[in-house]
Amino acid sequence: MSTYLLCLVLFCVGLYGLLRKRNLVKMIVGLAIMGYSLNLFFVLLGYRLHGRAPIDAPDQVIENMVDPLPQAVVLTSIVIGLGIMALLISLAIRIYEKHGTLDITKINKLKG
Amino acid sequence: MTLLVKTASRLVVVLGLIFGIHIILHGHLAPGGGFAGGVIIALSFVLLILAFGKDAALSKLSLKLASNLENVGALLFLIIGLLGFWGGAFFLNILVKGSPFRLFSAGTIPLNNIVIGLKVGVGLFVIFLTLVILEKSKKEE
Amino acid sequence: MIFAAILAIEVKDLLSSVIAMGAVGFALCLAFLILKAPDLAITQLVVELLCLIILIKATIKKDLPLVIEGRWLFNTVSTLLFAIVFLFFSYIILKELPAFGDPIMGLVKKYLLEEGVSKTGAVNIVSAVILDFRAYDTLGEVAVLFTSIIGIMAILRRRGRKEILEEDTNGK
């Protein structure tokens, strides 16, 4: 129970970084931390105490393996997170070239 | 880059490629699979760019060829899925399933692993190459 | 992990905050190993490395903006208030979940573990799930990666469309 709460505290730290900072790179770091905390929460849901990894072997019983379904979902989610971060960073590079600064309060000229 | 980095990275690039291919091929017997192996292959190419400059990597794998390889990878994945219609449903596993614990077992799963590893690896290499080319052209202005 | 995350957000230097984010990622990889998920640990490690390389290459020469605080008190108080309300409601809901380490053994999980090896012939059950029982989701993920690569190649072009048009009209 307390492990679940600690995971959500990490999510709140990332959310604070996204809302309160002025630098674009700090906001991207906050988003990444939020993504990591949610992946961890998913894997925590399917854990069994004193379990085994979900890989068979010629002399093992199947009785106490951990749940393989959340692990399959989180594997996809990690790679998609990498794609999102790469796109955001390329956008930040373009904004820096056009406006010369990374401060979001100074970027308010909406011309093409 | 200094001489130390260049000599060491010549060995590490080859080791990285072999390691990545091993993880992709044994995806159904040991932890790993297509995604992790593909990213390892991309990392070894990125090390080649960082140590020798972008011309050394461009002579082995130009931007057009990498783009085309990635498109071919995505199309192949779709074709392997459509082959399942032979058996009656989308993505059905129709090839012969040997006995477990051997390298050539489990139907279409090793083929899927190879195609996904190709696509992910080449795609991430293209992203990094685009970043480096943009910086080079900005410096010349 | 929480300590490294707070450090990553508060530090004034950009390079230090990126390195602290790398520390969070590595600690997450260790956590996956303790929770008996070796596939995820390998993938998280190499993805974290690539993300760090791209971030450092993009932020190595950028300037640090001045910190001019306006409306500081209202923003901080409202964010903290939201965080407290969120944690309070999540505490009420988390009491309904089964205890940590004792999951509900549903029908789907029993079917996957018992019939997995004989139906697909693969020994690694996580690979069998993402490439045979749920291959449609993997197709969706391949599509998302493909779209993001096309988007990056379109954003980071050397010459925009206006310049190509001007060259054509000047050439003629």
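The rules behind these values
Residues numbered from 1 in each chain as written. Chains lettered and ligands numbered in written order. Predicted model: local features only at pLDDT ≥ 70, side-chain atom pairs only at ≥ 80, totals over all residues. Helix = DSSP H or I, 4+ residues; strand = E, 2+ residues; numbered from the N terminus. Contact = placed C-beta atoms within 7 Å. pLDDT = per-residue confidence, 0-100. Axes fitted to C-alpha atoms, helices over the stretch in contact; angles between N-to-C directions. Parallel < 35°, antiparallel > 145°, perpendicular 65-115°, else oblique. Nonpolar A, V, L, I, M, F, W, Y, C, P; charged D, E, K, R; others polar. Expected span 1.5 Å × (residues − 1). Buried ≥ 20, exposed ≤ 12 C-beta atoms within 10 Å, placed from the backbone. Core = buried A, V, L, I, M, F, W, Y, C linked by C-beta atoms within 7 Å.

### Points about the overall build of chain A
When helices and strands are tallied, chain A shows three helices and zero strands. Helices and strands appear in chain A in the N-to-C order α-α-α. By sequence separation, contacts in chain A at least 24 residues apart represent 51% of the contacts at least 6 residues apart.

### Some details on the confidence of the model for chain B
Residue and element names in this part refer to chain B. Scored by pLDDT, chain B comes out at a mean of 82, with 79% of its residues at no less than 70. For chain B, the element scoring lowest by mean pLDDT is helix 3 (residues 54-60), at 79; helix 2 (residues 34-52) scores highest, at 92. Scoring of the predicted complex yields 0.86 for pTM and 0.87 for ipTM.

### Here's the deal with the packing of helix 2 (residues 14-34) of chain C against helix 3 (residues 38-58) of chain C
All names here are of chain C. The geometry of helix 2 relative to helix 3 is characterised by a closest axis approach of 9 Å and an angle of 175° between their N-to-C directions. By the angle between their directions, the pair helix 2 and helix 3 is classed as roughly antiparallel. Along the contact surface, helix 2 presents Val18, Gly22, Gly25, Phe26, Leu28, Cys29, Phe32 and Leu33, while helix 3 presents Leu40, Ala41, Gln44, Leu45, Glu48, Leu52, Leu55 and Ile56. Its residues assigned to classes, the contact of helix 2 with helix 3 shows twelve nonpolar, three polar and one charged.

### Describing the interface of chain C and chain A
With 67 residues of chain C in contact, the opposing surface of chain A contributes 66 residues. Of all the secondary structure elements, the ones that give two or more residues to the side of chain C that touches chain A are helix 1 (2-10), helix 2, helix 3, helix 4 (72-94), helix 5 (107-120), helix 6 (125-133) and helix 7 (135-155) of chain C. Here the side of chain C that touches chain A gets eleven residues from one element, more than from any other, and that element is helix 3 of chain C. Its residues placed into classes, the side of chain C that touches chain A shows 44 nonpolar, 14 polar and nine charged.

### Considerations on the interface of chain C and chain B
Counting residues at the interface gives 32 residues for chain C and 40 residues for chain B. Looking at the side of chain C that touches chain B, the elements with two or more residues in it are helix 3, helix 5, helix 6 and helix 7 of chain C. Among the elements that make up the side of chain C that touches chain B, the one with the highest residue count is helix 3 of chain C (eleven residues).

### A closer look at helix 2 of chain B
All names here are of chain B. With 19 residues, helix 2 ought to run about 27 Å at 1.5 Å a step, and its terminal C-alpha atoms sit 28 Å apart, in line with that. Counting buried positions over the 19 residues of helix 2 gives 14, a clear majority of the element. Gly53, located one to two residues past helix 2, shows a positive phi value of around 90°.

### Things to note about unusual backbone geometry
Its identity is not glycine, yet C:Lys36 carries a phi of approximately 60°, on the positive side. With respect to the helices, strands and loops of the structure, C:Lys36 is situated in the loop between helix 2 and helix 3.

### Digging into the nonpolar core
Core analysis: the largest hydrophobic core is formed by 96 residues, its most contacted members being B:Val39, B:Ala42, B:Phe125, C:Val24, C:Leu50, C:Ile54 and C:Val129. Apart from the residues lying within four places of it in its own chain, the contact partners of C:Val129 are A:Pro68, A:Leu69, A:Ala72, C:Leu112 and C:Arg134.

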